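# Chain and residue survey
Each chain is listed here by its residues.
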Amino acid sequence: MTDTPAPRIPTVDLRPWLEGGPEERARIARTVDEALQRAGFLLVTGHGVDPVLRARIRAAARTFFTLPVEAKRPYEAKVGGRGWLGPGAEANGGAEGTPTPPDLKESLTFATHEPFEDPVVNAEWYAPNVYPAEVPELEALCEEYLERMAELEKQLLSLLGEALGLEPDFFSRHMDHPTYGFNINWYPGTDVLGAPQPGQFRIGPHTDFGTVTVLDRQAGKGGLQVWTDEGGWEDAPYDPAALTINIGDLLARWTGDRWRSGRHRVLPPPADAPSEELMSLVYFGECTPGTLVESVPAPVGRTAHPPVDSHVYLRAKLDSITVG
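In short, a report on the structure.

Reading guide: rules and limits
Residues numbered from 1 in each chain as written. Predicted model: local features only at pLDDT ≥ 70, side-chain atom pairs only at ≥ 80, totals over all residues. Heavy atoms only, no water. Helix = DSSP H or I, 4+ residues; strand = E, 2+ residues; numbered from the N terminus. Rg over C-alpha atoms; globule rule 2.2 N^0.38 Å. Buried < 20%, exposed > 50% of the residue type's maximum accessible area, 1.4 Å probe, protein only. Contact = heavy atoms within 4.5 Å. Areas by Shrake-Rupley, 256 points an atom, 1.4 Å probe, with all protein chains shown as cover. Lys, Arg positive; Asp, Glu negative; His and termini not counted. Charge placed at Lys NZ, Arg CZ, Asp CG, Glu CD. Axes fitted to C-alpha atoms, helices over the stretch in contact; angles between N-to-C directions. Parallel < 35°, antiparallel > 145°, perpendicular 65-115°, else oblique. Nonpolar A, V, L, I, M, F, W, Y, C, P; charged D, E, K, R; others polar. Pairing = 2+ DSSP bridges. Polar contact = N/O pair within 3.5 Å; in protein donor to acceptor, adjacent residues only side chain to side chain. Salt bridge = Lys/Arg side-chain N within 4 Å of Asp/Glu carboxyl O.

## Some words on the overall build of the protein chain
Along the protein chain, the regular secondary structure elements total 9 helices and 14 strands. Taken over C-alpha atoms, the radius of gyration comes to 19 Å for the protein chain, in line with the 20 Å a tight globule of 324 residues would show. Taken along its principal axes, the extent of the C-alpha atoms in the protein chain is 55 × 55 × 40 Å. With 324 residues in all, the protein chain has 54% of them scored as buried. Here the analysis covers contacts within the protein chain between residues at least 6 apart in sequence; of these, 78% occur between residues at least 24 apart. Here the protein chain displays about 14,200 Å² of accessible surface, and carbon together with sulfur accounts for 54% of that area. On the protein chain, the mean spot of the 29 positive side-chain charges and the mean spot of the 47 negative ones are 4 Å from each other.

So this is what it looks like as structure tokens:
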């Protein structure tokens, strides 16, 4: 009799982590460590984020996305800014050097609502969030969601610190005032954006840039795929009760490449379901500006990267996906 191999992308229930004893917590920490070494992804349940809240955000955002372009244009922003990113704004494959046509999506993008004390940091990383007047309910819904994300991120970062055998605040102490990002990504069908060009994706192949990404997604034929060395591109597992978690480039670098930044892409609308429409809520965890990220030494870490300023690194990555 042989043991069943662990799934490449497991589902972790956070409730035993938050409420269980040492043995249960140690088991969960091992599972997380192994998953982040294999694919950089895992699913979490027991996160306490209300599915009704998530559905209400989607409904409100869809009201905006389906407005005429002329109504959305006043909210237009640049990549890394706050507001509306229209079709053709991003090509995420550029971050890894994979040339693709622009991504087949639109986004509403928000970030921290609290300014920084340093005017230089404010000038680059802070601006008031821009909520469309046409959908007045969206602001309160997003602020409630972002409060939940901040709480969840702290829990996850504590788990990640212990999964490496480090102190629970090893990562979280560097996130007292993060810039974070929050994107509502709308992936309409071909009736809105036209038929995909060769090599065009809803989001091209890439890894995320920061620390921890928390994704609330919908299942679809033109949905999320994850890269693993063992299987190549595979459809990401889906559980409507779960949130999808992946780590970004900065955290992989921080762990000395023990954990891999999860490479992923979102497929274009499929030929047999061209009108398929999906929407994702994506929270990008980031550090407090000015954080010096240094690789954890061996035996935990495997590669000693030169230290980097977290936000110099992030800015270069954001520039790499900007079209035009």
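Now that the structure has been shown, the text picks up again.
## Let's talk about the packing of helix H2 (residues 22-38) against helix H6 (residues 138-163)
Two elements in contact, H2 and H6, have axes whose closest approach is 9 Å; the angle formed by their N-to-C orientations is 85°. Classified by the angle their axes make, H2 and H6 are roughly perpendicular. Every residue of H6 that contacts H2 at Arg 25, Ile 28, Ala 29, Val 32, Asp 33 and Leu 36 is listed here: Leu 159, Leu 160, Glu 162 and Ala 163. Residue composition of the contact of H2 with H6, grouped by class: 7 nonpolar, no polar and 3 charged.

## As for the sheet that holds strand S7 (residues 212-216)
Across the sheet, which stays open at both edges, the 8 strands sit in the order S1-S2-S10-S7-S12-S5-S4-S3 with mixed pairing between neighbours. In this open sheet, the two strands that pair with only one neighbour each are strand S1 (11-13) and strand S3 (83-85). Along the sheet, successive strands turn relative to each other by an average axial angle of 25°, direction set aside. Two elements, strand S4 (residues 106-111) and strand S5 (residues 181-187), share 6 bridges in a ladder whose sense is antiparallel. By the bridge assignment for S5, Glu 106 is matched with Trp 186. Strands in contact with H2 are S1, strand S2 (41-45) and strand S10 (243-247); relative to S2, the strand with the most contacts, it is inclined by about 145°. Helix-sheet contacts for helix H3 (residues 51-65) involve S3, S4, S5, S7, S10 and strand S12 (278-284), and the interaxial angle to S12 is about 110°.

## Quick word on the environment of Glu 276
Examined against the element boundaries, Glu 276 turns out to sit in the loop between strand S11 (264-266) and S12. Taking the C-alpha atoms as reference points, Glu 276 and Ser 158, separated by 118 residues in sequence, lie 38 Å from one another. Here the side chain of Glu 276 touches Lys 221 through a polar contact of 2.7 Å, landing on its backbone nitrogen.

## Regarding the pairing of S5
For a regular strand, the rule is simple: side chains alternate between the two faces of the sheet. Of all 7 residues that make up S5, 7 are buried, and the element is covered over most of its length. Side-chain alternation along S5 places Gly 181, Asn 183, Asn 185 and Tyr 187 on one buried face and Phe 182, Ile 184 and Trp 186 on a second face that is also buried. For S5 and S12, the ladder comprises 7 bridges, and the chain directions are antiparallel. Within S12, the position partnered with Asn 183 by the bridge is Val 282.

## A word on the pattern of salt bridges
Taken as a whole and assessed by the stated rule, the structure comprises 20 salt bridges. Residue Lys 105 pairs with Glu 90 through a salt bridge whose shortest N-O separation is 3.0 Å. Here Lys 105, found in the loop between S3 and S4, pairs with Glu 90, found in the loop between S3 and S4; they are 15 residues apart in sequence, far enough to count as distant. Neither Lys 105 nor Glu 90 differs from the other in exposure class; each is buried.

## Re the sheet that holds strand S9 (residues 232-235)
In space, the 4 strands of this open sheet follow the order S6-S11-S8-S9, with antiparallel pairing throughout. The outermost strands of the open sheet, each flanked by one partner alone, are strand S6 (203-206) and S9. Within the sheet, the average angular offset between the axes of one strand and its neighbour, ignoring direction, is 25°.

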